[in-house]
Amino acid sequence: MDIATTRKPHERLAETLSGEMQQVNQLIRTRMASEHAPRIPEVTAHLVEAGGKRLRPMLTLAAARLCGYRGQDHIKLAATVEFIHTATLLHDDVVDESKQRRGRPTANLLWDNQSSVLVGDYLLARSFLLMVETGSLRVLEILSNASATISEGEVLQLTAASDLSTDEKIYLQVVRGKTAALFSAATQVGGVIAGAPEDQVQALYDYGDALGIAFQIADDLLDYRGDSAATGKNVGDDFRERKLTLPVIKAVAQATPEERAFWQRTIEKGRQDDGDLEQALALMDKYGTLDATQADAVGWATRAKSALSPLPDDPLRDMLLDLADYVVDRLN
């Protein structure tokens, strides 16, 4: 089999964009420096250098190149997107009291919560400086709005995560905020900086939005159906942390009074006993909610692919199509 066909879509994308990603990484290292507060680059480097697919900045580079861009501002925008993403991870780990990220101890565990929050704030400020340097008011509007939407989604999740009245509509609002907003902004600004026609800019936004939703739904499903070695999470972490994600929301919607009492005890009140995870999985199996959640993820991935139809026929477009498939193929 051809080695090129066995590589994952994000790996092929990384290889195609390797020269530009080197510039992005260099810019990130330069801009995360601080003359007066050495802890800033220490904390940032711990997370930035820990790996990760760099998917969001690659989406910005791919969108710009797909729309024929030949300048350098897409490098700044890709770094901006990664800074925003890194800042949200630092803040999320404090909010969630996380101990591990990408297989390594979190920054808040190695340093403290204050350092994580303040360094996250610094990265957000750096991201806005990079946006301004492009001279595009529309880019500034898109990424500023995405930053606000991400925060809004996180706050909504705080109130909705353990509330059994949370339905699929509210779940989608949370996902659109905390995950899809940055995906859609990342792809949209690539088209904007390239001066692409408005239908192509909208297509890139729609692609990023649907891809981000598919990505998050798949992540939530992998918490119950994934391989711990591959995901870096233990099966049922979301259940233990009382997070009301889509598989549980679907089960609650069909629950008998007795089953609803189980969800109230374990999710709303947080009183969990040995065997409760197995009971939760049995209820999800009873109503087929894991399969239904997977079908939703596939549906959003299909929408992402359909959104790309106005974009030029190009190998990069094919990689973006394959990326949408990969997001849900990892569920099989």
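Quick note: structure is the one above.
Residues numbered from 1 in each chain as written. Predicted model: local features only at pLDDT ≥ 70, side-chain atom pairs only at ≥ 80, totals over all residues. Heavy atoms only, no water.

**Re the overall build of the chain**
And then number 1: Along the backbone of the chain there are 18 helices and 2 strands.
And then number 2: For the chain, the proportion of its 332 residues judged to be buried stands at 51%.
And then number 3: Taking contacts inside the chain between residues at least 6 apart in sequence as the whole, the part at least 24 apart equals 76%.
And then number 4: Counting only carbon and sulfur atoms, one obtains 50% of the accessible surface of the chain, whose full area is about 14900 Å². (Helix = DSSP H or I, 4+ residues; strand = E, 2+ residues; numbered from the N terminus. Buried < 20%, exposed > 50% of the residue type's maximum accessible area, 1.4 Å probe, protein only. Contact = heavy atoms within 4.5 Å. Areas by Shrake-Rupley, 256 points an atom, 1.4 Å probe, with all protein chains shown as cover.)

**Examining the nonpolar core**
And then number 1: One finds Leu143, Tyr207, Leu211 and Trp263 to be the most contacted residues of the largest nonpolar core, which totals 97 residues.
And then number 2: The greatest single-element share of this core, amounting to 14 residues, is contributed by helix 11 (residues 198-225).
And then number 3: If near-sequence neighbours (up to four positions away) are discounted, Tyr207 is found in contact with Leu59, Thr187, Ala304, Ala307, Leu308, Leu320, Leu323 and Ala324. (Core = buried A, V, L, I, M, F, W, Y, C linked by side-chain atoms within 4.5 Å.)

**Notes on the packing of aromatic side chains**
And then number 1: Counted according to the given criterion, the structure contains 3 aromatic pairs.
And then number 2: With 5.4 Å between their ring centres and 45 degrees between their planes, Phe183 and Phe215 make a pair best called tilted. Note that Phe183 is positioned in helix 10 (residues 168-193) and Phe215 in helix 11, a separation of 32 residues in sequence. One exposure class covers both Phe183 and Phe215, and it is buried.
And then number 3: An aromatic cluster is present here, built from Phe239, Phe262 and Trp263 joined pairwise through their rings. (Phe/Tyr/Trp six-rings, centres within 6.5 Å; stacked < 30°, edge-to-face > 60°.)

**Focus: the environment of Lys8**
And then number 1: Of note, Lys8 is situated in the loop between helix 1 (3-6) and helix 2 (9-16).
And then number 2: Along the backbone, Lys8 and Leu323 are 315 residues apart, and their C-alpha atoms lie at a distance of 8.2 Å.

**Let's talk about helix 10**
And then number 1: For helix 10, built from 26 residues, the straight-helix expectation of 38 Å at 1.5 Å per residue is met to within 8% by its first-to-last C-alpha distance of 35 Å.
And then number 2: Counting buried positions over the 26 residues of helix 10 gives 19, a clear majority of the element.
And then number 3: Measuring from the backbone nitrogen of Lys169 back to the side-chain oxygen at the start of helix 10 gives 3.2 Å, which picks out Asp167 as the cap.
And then number 4: Once helix 10 ends, the next one or two residues include Gly195, with phi positive near 70 degrees. (Expected span 1.5 Å × (residues − 1). Polar contact = N/O pair within 3.5 Å; in protein donor to acceptor, adjacent residues only side chain to side chain.)

**Here we look at the pattern of salt bridges**
And then number 1: Going through the model one piece at a time under the given rule, you end up with 18 salt bridges.
And then number 2: For Arg65, the salt bridge goes to Glu20, with nearest N and O atoms at 2.4 Å. Separated by 45 residues along the polypeptide, Arg65 in helix 5 (residues 55-66) and Glu20 in helix 3 (residues 18-31) bring together distant segments of the chain.
And then number 3: Classification of Glu20 by relative accessible area gives buried; the value is 14%.
And then number 4: Between Lys305 and Asp325 there is a salt bridge, with the nearest N and O atoms lying 2.8 Å from each other. Placement of the pair is Lys305 in helix 17 (residues 289-307) and Asp325 in helix 18 (residues 315-329), with a sequence separation of 20 residues.
And then number 5: According to the relative accessible area criterion, Lys305 is partly exposed, its value standing at 27%.
And then number 6: Via salt bridges that share partners, Arg31, Lys76 and Glu133 belong to a single interconnected network. (Salt bridge = Lys/Arg side-chain N within 4 Å of Asp/Glu carboxyl O.)

**So, the packing of helix 3 against helix 5**
And then number 1: At a minimum axis distance of 11 Å, the contact between helix 3 and helix 5 shows a crossing angle of 130 degrees. Considering their axes alone, helix 3 and helix 5 lie oblique with respect to each other. Helix-helix and strand crossings are classified by hand; for helix 3 and helix 5 the assignment is right-handed. Of the residues in helix 5, those touching helix 3 at Glu20, Met21 and Val24 are Pro57, Met58, Leu61 and Arg65.
And then number 2: Of the residues assigned to the contact of helix 3 with helix 5, the class counts are 5 nonpolar, no polar and 2 charged. (Axes fitted to C-alpha atoms, helices over the stretch in contact; angles between N-to-C directions. Parallel < 35°, antiparallel > 145°, perpendicular 65-115°, else oblique. Left-handed = near helix turned anticlockwise from the far one by under 90°. Nonpolar A, V, L, I, M, F, W, Y, C, P; charged D, E, K, R; others polar.)

**Here's the deal with helix 14 (residues 246-253)**
And then number 1: Helix 14 sits mainly inside the fold: 7 of its 8 residues count as buried.
And then number 2: Turning to helix 14, its buried residues number three or more, namely Leu246, Pro247, Val248, Ile249, Lys250, Ala251 and Val252.
And then number 3: Tucked inside the fold, the buried residues of helix 14 contact helix 10, helix 11, helix 15 (257-268), helix 16 (276-286) and helix 17.

**Section: the environment of Ser116**
And then number 1: Following the sequence through the fold, Ser116 ends up in helix 8 (residues 113-133).
And then number 2: Between the alpha carbons of Ser116 and Ala87 there is a distance of 8.6 Å; along the sequence they are 29 residues apart.

**Comments concerning the packing of helix 6 (residues 73-95) against helix 9 (residues 137-160)**
For any two helices packed against each other, one specifies the crossing angle of their axes together with the interaxial distance.
And then number 1: Contact pair helix 6 / helix 9: the axes reach a minimum separation of 12 Å and the direction vectors enclose 15 degrees. In terms of orientation, helix 6 lies roughly parallel with respect to helix 9. The two elements helix 6 and helix 9 cross, and the hand of that crossing is right-handed. Taking contact as the criterion, the partners of Leu77, Thr80, Val81, Ile84, Thr88, Asp92 and Val95 in helix 6 are, on helix 9, Val139, Leu143, Ser147, Ile150, Glu154 and Leu158.

**Here we look at the side chain of Arg54**
And then number 1: Relative to the assigned elements, Arg54 resides in the loop between helix 4 (39-48) and helix 5.
And then number 2: A polar atom in the side chain of Arg54 sits 3.2 Å from the side chain of Asn25.

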